[in-house]
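# A look at the structure
Residue-level listing of the chains:
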Amino acid sequence: DKDDTIIVLYEYHLLGGTAPTMAQKERIAKLINKSAGSVKMKMDNFASLDPNSNRKGLEHPSQLDVDVWNEYSRDWSKLKRDAQQAGDIGNDTRI
């Protein structure tokens, strides 16, 4: 869903587009009630959309991933605000 996608994009941004560790994937998965594999795939989708990424990413991101990327990739403060509203990330000070 869109809220989960916003949270994963927020986490992708916090990681600077680098591949998450297993512990990071598991922590994010708990936030959105999905598997660590689902988090990895979603982050790979964002890597494929990110012109600054050195990672290959997946070839065919979902339309939702594309839409969320387009909505937030130029406005990280809006992303942080909406991610905080979408999930239990509280007053995250990482960005």
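The following paragraphs examine the structure supplied in this document. (Residues numbered from 1 in each chain as written. Predicted model: local features only at pLDDT ≥ 70, side-chain atom pairs only at ≥ 80, totals over all residues. Heavy atoms only, no water.)

The relative placement of two packed helices comes down to the angle between their axes together with the axis-to-axis distance. The N-to-C vectors of helix H1 (residues 2-14) and helix H2 (residues 22-32) enclose an angle of 155 degrees; their axes lie 10 Å apart at closest approach. Taken together, the axes of H1 and H2 are roughly antiparallel relative to one another. H2 is crossed by H1, and the crossing has right-handed handedness. In this structure, H1 contributes Asp4, Ile7, Val8 and Glu11 to the contact, and H2 contributes Arg27, Ile28, Leu31 and Ile32. Looking at the contact of H1 with H2 residue by residue, the classes come out as five nonpolar, no polar and three charged. (Axes fitted to C-alpha atoms, helices over the stretch in contact; angles between N-to-C directions. Helix = DSSP H or I, 4+ residues; strand = E, 2+ residues; numbered from the N terminus. Parallel < 35°, antiparallel > 145°, perpendicular 65-115°, else oblique. Left-handed = near helix turned anticlockwise from the far one by under 90°. Contact = heavy atoms within 4.5 Å. Nonpolar A, V, L, I, M, F, W, Y, C, P; charged D, E, K, R; others polar.)

By size, the foremost hydrophobic cluster in this structure holds 19 residues, and its most contacted members are Leu9, Tyr12 and Met43. Listing elements by their share of this core, those giving two or more residues are H1, H2, helix H3 (36-49), helix H4 (63-72) and helix H5 (76-86). Element by element, the count of residues in this core is highest for H1, at six residues. With residues near it in sequence (within four places) discarded, Met43 still touches Val8, Glu11, Tyr12, Leu15, Pro20, Ile28 and Arg55. (Core = buried A, V, L, I, M, F, W, Y, C linked by side-chain atoms within 4.5 Å. Buried < 20%, exposed > 50% of the residue type's maximum accessible area, 1.4 Å probe, protein only.)

What follows is about the layout of surface pockets. Volume-wise, the largest pocket comes out at about 180 Å³. For the lining of the largest pocket, the residue count by class is three nonpolar, eight polar and one charged. (1 Å grid on protein atoms, 1.4 Å probe; cavity = no way out; pocket = protein on both sides within 12 Å on 5 of 7 lines; lining within 4 Å. Points joined across faces, edges and corners; volume = space filled by probe spheres on them.)

This part takes up the pattern of salt bridges. Taken as a whole and assessed by the stated rule, the structure comprises eight salt bridges. The shortest N-O distance in the salt bridge between Lys34 and Asp4 comes to 3.8 Å. Taken together, the residues Lys34 in the loop between H2 and H3 and Asp4 in helix H1 connect sequence positions 30 residues apart. As a salt-bridge pair, Arg55 and Asp44 come within 2.5 Å of each other at their nearest N and O atoms. Pair noted here: Arg55 is in the loop between H3 and H4 and Asp44 is in helix H3, with a separation of 11 residues, a long-range link. For Asp44, a relative accessible area of 11% translates into the label buried. (Salt bridge = Lys/Arg side-chain N within 4 Å of Asp/Glu carboxyl O.)

Phi is positive for Asn33, close to 60 degrees, though the residue is something other than glycine. Along the polypeptide, Asn33 turns up in the loop between H2 and H3. A relative accessible area of 70% means that Asn33 is categorised as exposed.

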